[in-house]
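# What the coordinates show
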Amino acid sequence: MNTVTRIFAPLALAVTATAGMGAVAFPDIAAAAELTDRGSFRGADSSHPASGTAEVIRLRGGGFGIKLHDDFRVRGGPDLRVWLSDASNPRNAHAVRGRDYVDLGRLKSSSGEQIYRLPADVDLSGANSVVIWCRAFGVFFGSATLS
């Protein structure tokens, strides 16, 4: 079975057609619009540089994830975590402490492409940034504001 997905701007309407079946499905437009969310990382300071791109993606088999692209780089540190946060444009620890976030797990690598699955109950409408956070010491390493 061959599946093709296309996203049409500006409505961000995703159309899925299954070859041989003649079926066309129109998923939730609000969910499809979230697929356009991406941002560029900025480090906290010169001691904690970060760069590259983060993006909300639809995963094969269903659900959503956060993709850190192959241009992603952050200075390594102990116990680094990837957070999906409701903080808008955070640039320091104060901006993310006390805000709502979802811990997506341990940072797999300090560089390169990696994908983090979002729990099914995450409301993407409140997601404003992807944050790299040191859990052991409570240190902000960087963030990418999603827009």
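## Comments concerning the pattern of salt bridges
- In this structure the tally under the stated criterion is five salt bridges.
- For R135, the salt bridge goes to D79, with nearest N and O atoms at 3.1 Å. Note that R135 is positioned in the loop between β12 (129-134) and β13 (139-145) and D79 in the loop between β8 (73-74) and β9 (80-85), a separation of 56 residues in sequence.

## Observations regarding the pairing of strand β6 (residues 53-58)
- By the criterion of burial, β6 is predominantly enclosed, with five of the six residues buried.
- Between β6 and strand β7 (residues 64-68), which follow one another and run antiparallel, lie five residues, and G61 among them has a positive phi close to 85°.

## Structural notes on unusual backbone geometry
- In this model, D79 sits at a positive phi of 55°, which is unusual for a non-glycine residue.
- Of note in the backbone geometry, N89 takes a positive phi value of approximately 50° without being a glycine.
- Along the chain, N89 falls in the loop between β9 and α2 (93-96).
- For N89, a relative accessible area of 43% translates into the label partly exposed.

## Describing the packing of aromatic side chains
- Per the stated rule, a full pass over the model turns up three aromatic pairs.
- Judged by centre distance (3.7 Å) and plane angle (15°), the rings of W83 and Y101 are stacked. Linking W83 in strand β9 with Y101 in strand β10 (residues 101-106), this pair joins segments that are 18 residues apart in sequence.
- The buried category is assigned to W83, whose relative accessible area is 7%.
- On the numbers, 4.8 Å between centres and 20° between planes, the contact of W83 with W133 is stacked. One end of the pair, W83, is in strand β9; the other, W133, is in strand β12, with 50 residues separating them in the sequence. Residues W83 and W133 agree in their burial class; the two are buried.
- Ring pairing ties together the aromatic residues W83, Y101 and W133, which thus form one cluster.
- The ring of Y116 carries K108 above its face, with NZ or CZ at 4.6 Å from the centroid.

Analysis parameters
- Residues numbered from 1 in each chain as written.
- Predicted model: local features only at pLDDT ≥ 70, side-chain atom pairs only at ≥ 80, totals over all residues.
- Heavy atoms only, no water.
- Salt bridge = Lys/Arg side-chain N within 4 Å of Asp/Glu carboxyl O.
- Helix = DSSP H or I, 4+ residues; strand = E, 2+ residues; numbered from the N terminus.
- Buried < 20%, exposed > 50% of the residue type's maximum accessible area, 1.4 Å probe, protein only.
- Pairing = 2+ DSSP bridges.
- Phe/Tyr/Trp six-rings, centres within 6.5 Å; stacked < 30°, edge-to-face > 60°.
- Lys NZ or Arg CZ within 6 Å of the ring centre and 35° of its normal.

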